[in-house]
Amino acid sequence: MTEKITLGDMVVDVMFKDIKNIHLSVHPPTGNVRISAPLKMDIDTIRVYAISRLSWIKTHQRKLREQDRETPREYLERESHYVWGERYLLRVKTHSAPPMVMLSPRHMDVSVRPGSGPDKIERVLAAWYREQVRGVAKKLITKWEPVMGVNVSKVFVQRMKTRWGSCTPDTRSIRLNTELAKKPRECLEYIVVHEMVHLLESTHNARFVALMDQWLPDWRELRKRLNRAPLSHAEWTY
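Residue numbers here run from 1 along each chain, matching the order of that chain's written sequence. For this predicted model, a pLDDT threshold of at least 70 governs which residues receive local features, and a threshold of 80 or more governs which side-chain atom pairs are given and counted, while totals over whole chains, interfaces and linings are taken from all residues. As a rule here, side-chain values come from all non-hydrogen atoms in the structure, and water together with hydrogens is ignored.

Draft legend 1. Summary view of the pairing of strand S7 (residues 100-103). Pairing between S7 and strand S8 (residues 107-112): 4 bridges, direction antiparallel. In the strand pairing of S8, Met-100 is matched with Ser-111. The antiparallel pairing of S7 with S8 creates a hairpin that spans 3 residues between the two strands. The rule for pairing is simple: two strands pair if DSSP sees at least two bridges between them. What counts as a helix is a DSSP run of H or I of at least four residues, what counts as a strand is a run of E of at least two, and both are numbered from the N terminus.

Draft legend 2. Summary view of helix H3 (residues 118-148). Taking 1.5 Å of rise per residue, the 31 residues of H3 would be expected to cover 45 Å, and the 43 Å separating its terminal C-alpha atoms lies within 8% of that figure. The first or second residue beyond H3 is Gly-149, which carries a positive phi of 75°. The length a helix should cover is 1.5 Å for every residue beyond the first.

Draft legend 3. Structural context of the state of the cysteines. Cysteine sulfur atoms that pair up within 2.5 Å are treated as a disulfide. Enumeration over the complete set of coordinates arrives at 0 disulfides. Residue Cys-167 stays outside any disulfide, its sulfur separated by 20 Å from that of Cys-187, the closest cysteine. Any residue under 20% of the maximum accessible area for its type is buried, any over 50% is exposed, and the rest in between are partly exposed; the area is computed with a 1.4 Å probe on protein chains only. Cys-187 sits in the buried class, given a relative accessible area of 0%.

Draft legend 4. Representation of the nonpolar core. Among buried residues, the Ala, Val, Leu, Ile, Met, Phe, Trp, Tyr and Cys ones that are joined through side-chain atoms within 4.5 Å form a nonpolar core. In this structure, Met-108, Val-110, Leu-176 and Leu-188 are the most contacted members of the largest nonpolar core, which totals 47 residues. Listing elements by their share of this core, those giving two or more residues are strand S6 (86-94), S8, H3, strand S9 (154-158), strand S11 (173-177), helix H4 (185-197), helix H5 (206-215) and helix H6 (219-228). If one sorts the elements of this core by residue count, H3 sits on top with 12 residues. In terms of nonpolar packing, the next biggest core, distinct from the first, is built from 14 residues, Ile-5, Val-12, Val-14 and Phe-16 among them.

Draft legend 5. Here's a closer look at the sheet that holds strand S10 (residues 165-168). Spatial ordering of the open sheet is given by S9-S11-S10, a layout of 3 strands whose pairing is mixed. The open sheet has two free edges, formed respectively by S9 and S10, since each of these has just one partner strand. Geometrically, the sheet is characterised by an average inter-axis angle of 15° between neighbouring strands, direction not taken into account. Sheet topology note: the S9/S11 ladder contains 5 bridges and is parallel. Counterpart to Phe-156 in the pairing with S11 is Arg-175. Residue contacts are counted whenever heavy atoms from the two residues lie within 4.5 Å of one another. Angles here are taken between N-to-C directions and fall from 0 to 180 degrees, while the axes themselves are lines fitted to C-alpha atoms, restricted in helices to the stretch in contact. Contacting S9 and S11, H3 runs over the sheet at an angle of about 150° to S9.

Draft legend 6. Molecular detail of the pattern of salt bridges. What makes a salt bridge here is a side-chain nitrogen of Lys or Arg within 4 Å of a carboxyl oxygen of Asp or Glu, nothing more. Under the definition given, this model contains 9 salt bridges. The salt bridge involving Asp-213 is made with Arg-220; its shortest N-O contact spans 2.7 Å. Looking at Asp-213, the relative accessible area reads 31%, which means it is partly exposed. Given the relative accessible area of 35%, Arg-220 is considered partly exposed. Connected through shared salt-bridge partners, Arg-91, Lys-93 and Asp-109 make up one network.

Draft legend 7. Unusual backbone geometry, seen in detail. The backbone phi angle of Arg-78 is positive, close to 65°, even though this residue is not glycine. One can find Arg-78 in the loop between helix H2 (54-66) and strand S5 (80-83). The exposed category is assigned to Arg-78, whose relative accessible area is 56%. The backbone of Arg-172 sits at a positive phi, close to 55°, despite the residue not being glycine. If you trace the backbone, Arg-172 turns up in the loop between S10 and S11.

Draft legend 8. Seen up close, the pairing of strand S1 (residues 2-7). Sheet topology note: the S1/strand S2 (residues 10-17) ladder contains 6 bridges and is antiparallel. Each bridged residue has a counterpart across the sheet, and for Lys-4 the counterpart in S2 is Asp-13. Linking S1 to S2, which pair antiparallel, is a turn of 2 residues; within it Gly-8 sits at a positive phi near 65°.

Draft legend 9. Geometry of a positive patch on the surface. Note that patches include only residues with greater than 30% relative accessible area and no salt bridge, and the join distances are 9 Å for like charges and 5 Å for nonpolar side chains (Val, Leu, Ile, Met, Phe, Trp, Tyr). Exposure was quantified through the Shrake-Rupley algorithm and a 1.4 Å probe, taking into account, for residues, occlusion by the shown protein chains and nothing else. His residues and chain termini do not enter the charge count, which takes Lys and Arg as positive and Asp and Glu as negative. A charge is said to be at NZ when it belongs to Lys, at CZ for Arg, at CG for Asp and at CD for Glu. Taken together, the side chains of Arg-62, Lys-63, Arg-223 and Lys-224 present a region of like positive charge at the surface. Secondary-structure elements contributing two or more residues to the positive patch are H2 and H6. The class for Arg-62 is partly exposed, based on a relative accessible area of 44%.

Put into structure tokens, the structure is as follows:
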């Protein structure tokens, strides 16, 4: 069940869920506000909570709106593309074989069949980025599972419009944003650890913070680093 509350010129989406604690989030690109609240919580109580967090909300909205944003990609020769935080210049090559992507110190070479246009190149790169995240994430999960004493049953990698990752504790699965392949590897590790901690603690409470501090002491700096990185040019919807 969903409702909306209005605070001046701000509209807040309220989603009632089977949870114990209220949770507030601000989403890119324009700072849409969402509150997840327990099913039986009174809407007036939620309004008071939102008002108490107005300063925090406005600060995060301002940061999102001021954040650098990538220019739209046209998938043309010498266009800039990013892999693990490094910049590469695109080179498009044609050959009569399945598509492939190769990196050299300065270039990203995308090989496609003759006659392939920008749409095809975009699809090839999207699939390649997805596999980059999947491959690195699996190694990170293998690294962290014995440390945390948890088991991740499934990893899904997809384009996500409002978040870097998510976790479903009931199925022990995590989802990761394909865009993470463009950010520094340490940022992907932060998101993987963040979502794996949710297998032990579903909310961002004191226990969650304590576990993050225990296993990834510099997580706050990594979060800042990720949030300072340019956002995708896409007009994200919410």
